[in-house]
Amino acid sequence: MKEIEMYVVPPTSQKSVSASGSTDFRVYQSWKGSNNFLLQGRLIFGPDVRSLFFTILLIAAPVGVFCAFVAHKLIHVYPDNSGISIMVVVIALTVYDLVLLLCTSGRDPGIIPRNAHPPEPEVYDGSVEAGGGQTPQLRLPRIKEVEVNGIPVKIKYCDTCMLYRPPRCSHCSICNNCVERFDHHCPWVGQCIGLRNYRFFFMFVSTTTVLCIYVFAFCWVYIKKIMDAEDISIWKAMIKTPASIVLIIYTFIAVWFVGGLTAFHLYLISSNQTTYENFRYRYDRRANPYNKGVVENFKEVFCTSIPPSKNNFRAMVPNEPPPPPRPMGAGFVSPNMGKGTDDIEMGRKATWGGEFGPGLESNQGQLSDNDVLIKDGRLGEASPADIRSHVDEIGDRPGVHPRRSSWGRQSGNWEMSPEVLALAARVGGSSNSSRLPGEKQFTEVKL
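Residues numbered from 1 in each chain as written. Predicted model: local features only at pLDDT ≥ 70, side-chain atom pairs only at ≥ 80, totals over all residues. Heavy atoms only, no water.

A closer look at the overall build of the chain
Counting secondary structure elements, the chain contains nine helices and 13 strands. Residues counted as buried form 40% of the 447 residues belonging to the chain. The long-range fraction of contacts in the chain, counting pairs at least 24 apart against all pairs at least 6 apart in sequence, stands at 63%. Accessible surface, the chain: about 25,600 Å² in total, of which carbon and sulfur atoms supply 59%. (Helix = DSSP H or I, 4+ residues; strand = E, 2+ residues; numbered from the N terminus. Buried < 20%, exposed > 50% of the residue type's maximum accessible area, 1.4 Å probe, protein only. Contact = heavy atoms within 4.5 Å. Areas by Shrake-Rupley, 256 points an atom, 1.4 Å probe, with all protein chains shown as cover.)

Now the structure itself:
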């Protein structure tokens, strides 16, 4: 049996509020995702940002070995020291590659800001019957349909971010954010790959492929120069330059990885797919609504302007707006929540068939209108002692669950039961109008 839970807006944290209506914290300091920030919110990384340093080492270390033991020797092989261009090119490629890596890892990939409160439900939940003048429960649909280029596309509700994800958006479980045009989360760069950094990611992967081929090729050139200079076999020449052998093996293995990744993303770009969509086989049996043709697809990735970030991480955190008012008795039900056999009300626990015991109706064990205390013809003048004694009498009725009794301590819990809260609210609401100035208020409860 599933358990029904009511949505409760979390209490706002105690923060100092300035005169401008904002707190003393910046957005990156109170960020709810799993990201790491650098330079006071100017750079944003994923939670696995440490892998970025390992990736930098995998690129820089082989290039350093190549410059020291291969490119340096080739400078004097060519006339007029023209071999120095070999070292200049490899250093320029490496610097460009690392810049692309940082642009991929240190920028907002397209995070959609979270909502402070869930959106207003558009329909009532017809599966929950309303009775006794209660307002039907409001339920957000789990999935909606929108049209993209004339083709219906389903969008899902995100319970974490409390919003409907736009098309091609997905929630990254590692970064804990909804990302536009989500491609995948890359552990090598420590960041999600999405709308705002996919271009840099592809350029980083393709540049790394070119760098591997460049180092691989000039290591063989150096071996060939040794063979020609000393008139020896290839095996003896390879023994004379072990650094070249290590680099050849390393780049040969690496190029299968980064080269294969480059070829795969060339296919994705040409068909206007994401890695996430391709692995889920979304377009095997139906048309791709985003495919505009090979040329237009490449223009979309490389020739369009990157949209600005929807997040200003250095801005001051504004005060959270209060939740939108809802009708009395109306409860909010999340799309993922189960369904009970009885009505759900704000301020009352959900009830299930058989909870009250055999022979007891679902409305028993609660305070009815006839159970309200009336003293001297006035509702608001009942004293707290009268309320307590009267509720105790109700709790002693046969068939009433003992946990539904009044303020008495049950199972080590001093928490007031929902019936007492309902009665106290009625009494408190009427007594406020008749209470004299300076008179002490005993109970004030808002449902």
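Comments concerning the sheet that holds strand β6 (residues 151-158)
Reading across the sheet, the three strands line up as β5-β6-β7 and stay open at both edges, with antiparallel pairing between neighbours. Each of the sheet's edge strands pairs with one partner strand only, and the pair in question is β5 (143-148) and β7 (163-164). By the bridge criterion, two bridges tie β6 to β7 in an arrangement that is antiparallel. Of the residues in β7, the one forming a bridge with Cys 158 is Leu 163. (Pairing = 2+ DSSP bridges.)

Some words on the packing of helix α1 (residues 50-74) against helix α3 (residues 198-230)
At their nearest, the axes of α1 and α3 sit 11 Å apart, and the two run at 30° to each other. Here α1 lies roughly parallel to α3, going by the angle between them. For the pair α1 and α3, the sense of crossing is left-handed. For the pair α1 and α3, the contacting residues are Thr 55, Ile 59, Val 63, Phe 66, Phe 69, Val 70, Lys 73 and Leu 74 in the first and Phe 204, Leu 211, Tyr 214, Val 215, Phe 218, Cys 219, Tyr 222 and Lys 225 in the second. (Axes fitted to C-alpha atoms, helices over the stretch in contact; angles between N-to-C directions. Parallel < 35°, antiparallel > 145°, perpendicular 65-115°, else oblique. Left-handed = near helix turned anticlockwise from the far one by under 90°.)

A short note on the nonpolar core
Ranked by internal contacts, the top residues of the largest apolar core, which has 44 residues, are Phe 66, Val 70, Ile 86, Val 90, Phe 204, Tyr 214 and Cys 219. Within the residue set of this core, elements represented by two or more residues are α1, α2 (84-105), α3, α4 (234-240) and α5 (242-271). Per element, the largest residue contribution to this core is 15 residues, and it comes from α3. Contacts of Tyr 214, omitting those with residues within four sequence positions, involve Phe 66, Ser 85, Ile 86, Val 89, Val 90 and Leu 93. Listed in part, the seven residues of the second largest apolar core include Trp 31, Ile 111, Phe 313 and Val 317. (Core = buried A, V, L, I, M, F, W, Y, C linked by side-chain atoms within 4.5 Å.)

Side note on the confidence of the model for the chain
When the pLDDT values of the chain are averaged, the result is 74; 62% of them are 70 or greater. Note that residues 397-414 has pLDDT below 50 and, in this model, 31 contacts with residues that lie over four places away or in other chains. (pLDDT = per-residue confidence, 0-100.)

Comments concerning unusual backbone geometry
Even without being glycine, Met 162 reaches a positive phi, approximately 55°. For Met 162, the location among the structural elements is in the loop between β6 and β7. With phi around 45°, Arg 181 is a residue other than glycine that occupies positive phi space. Note on placement: Arg 181 falls in the loop between β9 (177-179) and β10 (184-186).

Topic: α1
Between its first and last C-alpha, α1 extends 36 Å over 25 residues, near the 36 Å set by a 1.5 Å rise per residue. At Cys 67, α1 shows its largest kink, close to 45°. Burial in α1 covers these residues: Leu 52, Thr 55, Ile 59, Pro 62, Val 63, Phe 66, Cys 67, Val 70, Ala 71 and Leu 74. (Expected span 1.5 Å × (residues − 1). Bend = angle between axes of the 7 residues up to and from the residue.)

Some remarks on a positive patch on the surface
A cluster of basic residues, Lys 154, Lys 156, Arg 280 and Arg 286, forms a positive patch at the surface. Residue placement: Lys 156 occurs in strand β6. The exposure class assigned to Lys 156 is partly exposed, which follows from its relative accessible area of 38%. (Patch = residues over 30% accessible without salt bridge, like charges linked within 9 Å, V, L, I, M, F, W, Y side chains within 5 Å. Salt bridge = Lys/Arg side-chain N within 4 Å of Asp/Glu carboxyl O. Lys, Arg positive; Asp, Glu negative; His and termini not counted. Charge placed at Lys NZ, Arg CZ, Asp CG, Glu CD.)

Some remarks on the pairing of β6
Bridge count between β5 and β6: six bridges; the pairing is antiparallel. Across the sheet, Val 146 pairs through a bridge with Val 153, a residue of β6. Hairpin geometry of β5 and β6 is characterised by an intervening segment of two residues between the two adjacent antiparallel strands and by a positive phi of about 55° at Asn 149. Taken together, β6 and the strand that follows it, β7, pair antiparallel across an intervening segment of four residues, in which Met 162 is found at a positive phi of about 55°.

Considerations on the packing of α2 against α3
As a packed pair, α2 and α3 sit with axes 9 Å apart at the nearest point and diverge in direction by 155°. For the element pair α2 / α3, the angle class is roughly antiparallel. Two packed elements cross with a definite hand, and for α2 against α3 that hand is left-handed. The segment α2 lies against α3, with Ser 85, Ile 86, Val 89, Val 90, Leu 93, Thr 94, Tyr 96, Asp 97, Leu 100, Leu 101, Cys 103 and Thr 104 engaging Phe 200, Phe 201, Met 203, Phe 204, Thr 207, Thr 208, Val 210, Leu 211, Tyr 214, Val 215 and Phe 218. For the contact of α2 with α3, the per-class residue count stands at 17 nonpolar, five polar and one charged. (Nonpolar A, V, L, I, M, F, W, Y, C, P; charged D, E, K, R; others polar.)

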